[in-house]
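One-letter residues, chain by chain:
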Amino acid sequence: MLACTSAAATGAGPANRFLGRLILGEERPGGMFRVLRDDYDLADLDGGAARHLPPFDFAFVQSGSAIIPFRRGAIPSTHPLWEYILEPGTVSDAMDGFSHAQLPFTIEERNANCMHYGVLDFDFRDDGAISDVSYAIASETCPYFKFDMLGRSAASYRREPVPDAARIVRSYQGEREHWIPAKPIEALATDYPGTDPSQFGSPDEVDPTDMTVYGVIVDGTHYVGGCHTRASLYPFCAAMDLPSYSLAKSIFGGLSAMRLAHLFPRALHERIASYVPDCAALGSWDDVTFENELDMASGHYLSSFPLADEGSPDMQAFFLPEDHASKIAFSCDHYPRQAQPGTLWVYHTADAYTLGTAMRGFYEAHAGSGHDFYRELLALPLWRPLHLDPALDVSRRTYDAIAQPFTGYGLTLHGDDIAKLAIFLNVDDGHLAGKTVLDERQLAAALQRDPRDPGLPAGSTLVRYNNGFWAWNAQATLGCRSPAWIPFMSGYGGIVVALLPNGIAYYYVSDGGSFAWAKAAAEADKMRPFCDK
């Protein structure tokens, strides 16, 4: 197991045991906030709030050398810009009877998906004595806001029982037991002689300064590269909280639609207008089906030029509001009807939001109001048996009583989660313990395994889009005699998860706007040929 991909181990552990709440107080003088990129002047918004951490008052449980947060996943905050995601860290013995704790944490942009990675350091004793807490942030996955932050805060340690402490420890131990075996990316050369590991995460395709992490999943092993910060190697690579951005259109939108179609065979033929009153009131959505919306083919758009609508400043009217009423009003009404549904692909995150709203309405019509369709369609029946990280149990939602999941972005992943999902889809064909849990026809179409349903051209004859998944024809690039369609998931800023036809998966998470992975595809083909030459 990689040192940088391991979080804390459990065992006998150090002399002191943390049990209770860690509370950060006033900031000490002498901190540093260095802006590297700030496209929207966020550093000075709201009186410079971005330069300060949100309030911190959270419970932790220690087991051996592991210190585990009571709450996982994105945590809503009163801070105007940041919200925390907390991950398990380590405890070791220090000087003068103290123990030293290191806690990985992420600050995620409120109502968005940008992530900035940090570590908290402090010393403590069982009698409640605690040092100041120092913190450092020196990396991110965020195309438009990059900074380094160093600081120190006064702290207090309130020893008190933590609800469900034993369950929290058991759950964390179970997480570790089910991690996919991981090795450094360089080990590919040993395990698969003749393979050139440098072709994965190649600096010719992704600038190393923009790379967060990358990996190759082959024969049940996760080969990991990256995890560098501007200061050093990130010490908690396996706990790095990765944004989904539009990977969620596949993982949330696509898989929940396939799950609905498995449970209710006619579900994807349902009409958007039947479950979204804002769309129904316009009269132009009456014949748009769930599947049309999943395919980004609602027939509603301003420009059919690839990604023109999505890249328009108009989209701020969708992304910035925090309430469901504003988001769904934009999604239904902003784009006029110009084509027959199902005939033309036009990419809209707003369409994914509309689909999520409709699927929620459909599910609640069958299961009853108050049922959470993300939790009951994905988190419980899929994420749990796949042993995905608890951070993925939480989806970004509107900040109102409706709490509508975004569907098209807003999930939190770890590298291990990406590896498990790749195996689940690309090797196990969407089966769990041999049982079908997704609609097999819809999954086959998404993975380009059904020639009767290839999807629609997505801005190029070499790219398709189907059921929330992309596909690239690598025939010309790899020199194949026949088409070589590779399904993949893609996220804003430079995130790719490629599900190669030979069962190998390659992913990278970056934020420099690069979506290049031909070198990786060619090297994977050398390892296990899928291109007929």
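Structure shown above.
Report on the accompanying structure. Bear in mind that the values here come from a model prediction, so they are computed numbers and not experimental data. (Residues numbered from 1 in each chain as written. Predicted model: local features only at pLDDT ≥ 70, side-chain atom pairs only at ≥ 80, totals over all residues. Heavy atoms only, no water.)

### Some thoughts on the overall build of the chain
Next, step 1: For the chain, the count of helices and strands is 13 helices and 23 strands.
Next, step 2: Here the C-alpha coordinates of the chain stretch approximately 70 × 60 × 45 Å along the principal axes.
Next, step 3: Across the 533 residues of the chain, 59% fall into the buried class.
Next, step 4: Pairs at least 24 residues apart make up 66% of the contacts formed inside the chain by residues separated by at least 6 positions.
Next, step 5: For the chain, the exposed area adds up to about 20,100 Å²; of that, 53% sits on carbon and sulfur atoms.
Next, step 6: Separation of charge centres in the chain, based on 41 positive and 66 negative side chains, amounts to 4 Å. (Helix = DSSP H or I, 4+ residues; strand = E, 2+ residues; numbered from the N terminus. Buried < 20%, exposed > 50% of the residue type's maximum accessible area, 1.4 Å probe, protein only. Contact = heavy atoms within 4.5 Å. Areas by Shrake-Rupley, 256 points an atom, 1.4 Å probe, with all protein chains shown as cover. Lys, Arg positive; Asp, Glu negative; His and termini not counted. Charge placed at Lys NZ, Arg CZ, Asp CG, Glu CD.)

### Describing the environment of Asn466
Next, step 1: Checked against the element boundaries, Asn466 lands in strand β19 (residues 463-466).
Next, step 2: What makes Asn466 buried here is its relative accessible area of 1%.
Next, step 3: A C-alpha to C-alpha distance of 18 Å links Asn466 and Met359, two positions 107 residues apart in sequence.
Next, step 4: If we skip the residues at most four places from it in the chain, Asn466 touches Asp295, Ala445, Ala446, Gln448, Asp453, Pro454 and Gly455.
Next, step 5: Within the structure, Asn466 has its side chain in polar contact with the backbone oxygen of Asp453 (distance 2.9 Å). (Polar contact = N/O pair within 3.5 Å; in protein donor to acceptor, adjacent residues only side chain to side chain.)

### Some details on the pairing of strand β10 (residues 145-159)
Next, step 1: Here strand β1 (residues 19-27) pairs with β10 via 6 bridges, running antiparallel. Counterpart to Leu22 in the pairing with β10 is Tyr157.
Next, step 2: As paired strands, strand β2 (residues 32-38) and β10 are joined by 6 bridges and run antiparallel to one another. For Val35, the partnering residue across the bridge sits in β10 and is Phe147.
Next, step 3: In this sheet, β10 lies alongside strand β9 (residues 133-141) in antiparallel orientation, the contact comprising 5 bridges. Residue pairing in the sheet places Ser134 in a bridge with Arg152 of β10. (Pairing = 2+ DSSP bridges.)

### Structural notes on the nonpolar core
Next, step 1: The biggest cluster of nonpolar side chains holds 121 residues, and the ones touching the most others in it are Phe145 and Trp383.
Next, step 2: With 9 residues, the single largest contributor to this core is helix α3 (residues 247-263).
Next, step 3: Once you skip the residues sitting within four places of it in the chain, Trp383 turns out to touch Ile251, Leu255, Tyr374, Leu378, Leu388, Leu392, Asp393 and Leu421.
Next, step 4: Residues Ile185, Val496, Tyr508 and Cys531 belong to the second largest nonpolar core, which totals 40 residues. (Core = buried A, V, L, I, M, F, W, Y, C linked by side-chain atoms within 4.5 Å.)

### Topic: the layout of surface pockets
Next, step 1: Computed from the structure, the largest pocket encloses a volume of approximately 1,400 Å³.
Next, step 2: Along the walls of the largest pocket sit 49 residues, with Tyr245, Glu310, Phe319, Tyr492 and Gly493 positioned nearest its centre.
Next, step 3: Broken down by secondary-structure element, the contributors of at least two residues to the lining of the largest pocket are α6 (316-319), β18 (456-460), β20 (469-473) and β21 (485-491).
Next, step 4: In terms of residue count, β21 provides more of the lining of the largest pocket than any other element does, 3 residues in total.
Next, step 5: When the residues that make up the lining of the largest pocket are grouped by side-chain class, the tally is 28 nonpolar, 12 polar and 9 charged.
Next, step 6: Size it by volume and the second largest pocket reaches roughly 590 Å³.
Next, step 7: Looking at the lining of the second largest pocket, the elements that each hand over two or more residues are β4 (66-69), α1 (165-177) and α9 (373-386).
Next, step 8: It is α1 that provides the largest number of residues to the lining of the second largest pocket, a total of 6 residues. (1 Å grid on protein atoms, 1.4 Å probe; cavity = no way out; pocket = protein on both sides within 12 Å on 5 of 7 lines; lining within 4 Å. Points joined across faces, edges and corners; volume = space filled by probe spheres on them. Nonpolar A, V, L, I, M, F, W, Y, C, P; charged D, E, K, R; others polar.)

### What about the state of the cysteines?
Disulfide: a covalent bond connecting the sulfur atoms of a pair of cysteines.
Next, step 1: Scanning the entire structure with this criterion turns up 4 disulfides.
Next, step 2: One disulfide bridge connects Cys227 with Cys237, the sulfur atoms lying 1.8 Å from each other. When the S-S torsion is 60°, as for the bridge of Cys227 with Cys237, the disulfide is right-handed. Here Cys227, found in the loop between β13 (221-226) and β14 (242-243), pairs with Cys237, found in the loop between β13 and β14; they are 10 residues apart in sequence, far enough to count as distant.
Next, step 3: We classify Cys237 as buried; its relative accessible area is 6%. (Disulfide = S-S within 2.5 Å.)

### Comments concerning the pattern of salt bridges
Next, step 1: According to the stated counting rule, one finds 34 salt bridges in the structure shown.
Next, step 2: Across the salt bridge formed by Glu26 and Arg28, the nearest N and O atoms sit 3.2 Å from each other.
Next, step 3: What you see here is one network of salt bridges that share partners, running through Arg34, Glu140, Lys146, Asp148, Arg230 and Asp511. (Salt bridge = Lys/Arg side-chain N within 4 Å of Asp/Glu carboxyl O.)

### Remarks on the packing of α9 against helix α10 (residues 415-426)
Next, step 1: Interhelical geometry of α9 versus α10 gives an angle of 110° and a closest axis separation of 10 Å. Overall, the two elements α9 and α10 adopt an arrangement that is roughly perpendicular. From α9, Leu382, Trp383 and Leu386 reach across to α10, where they touch Lys420, Leu421 and Phe424. (Axes fitted to C-alpha atoms, helices over the stretch in contact; angles between N-to-C directions. Parallel < 35°, antiparallel > 145°, perpendicular 65-115°, else oblique.)

### A few points about helix α8 (residues 349-367)
Next, step 1: Between its first and last C-alpha, α8 extends 27 Å over 19 residues, near the 27 Å set by a 1.5 Å rise per residue.
Next, step 2: Burial runs high along α8: 14 of the 19 residues are buried.
Next, step 3: Positive phi shows up at Gly368, right after α8, with a value of about 110°. (Expected span 1.5 Å × (residues − 1).)

### Quick look at the sheet that holds strand β11 (residues 182-184)
Next, step 1: A sheet is described by the order of its strands in space; here 9 strands give the open sequence β11-β13-β12-β23-β22-β21-β20-β19-β18, paired in mixed fashion. Each of the sheet's edge strands pairs with one partner strand only, and the pair in question is β11 and β18. Averaged over all adjacent pairs, the angle separating strand axes in this sheet is 25°, with direction ignored.

### Focus on the side chain of Ser298
Next, step 1: Of note, Ser298 is situated in the loop between α5 (290-294) and α6.
Next, step 2: A distance of 3.2 Å separates a polar side-chain atom of Ser298 from the backbone nitrogen of His300.
Next, step 3: Ignoring sequence-local partners within four residues, the contact set of Ser298 consists of Trp285, Val288, Asn292, Glu293, Pro341 and Asp351.

None of the figures reported here should be taken as evidence of function without further support.
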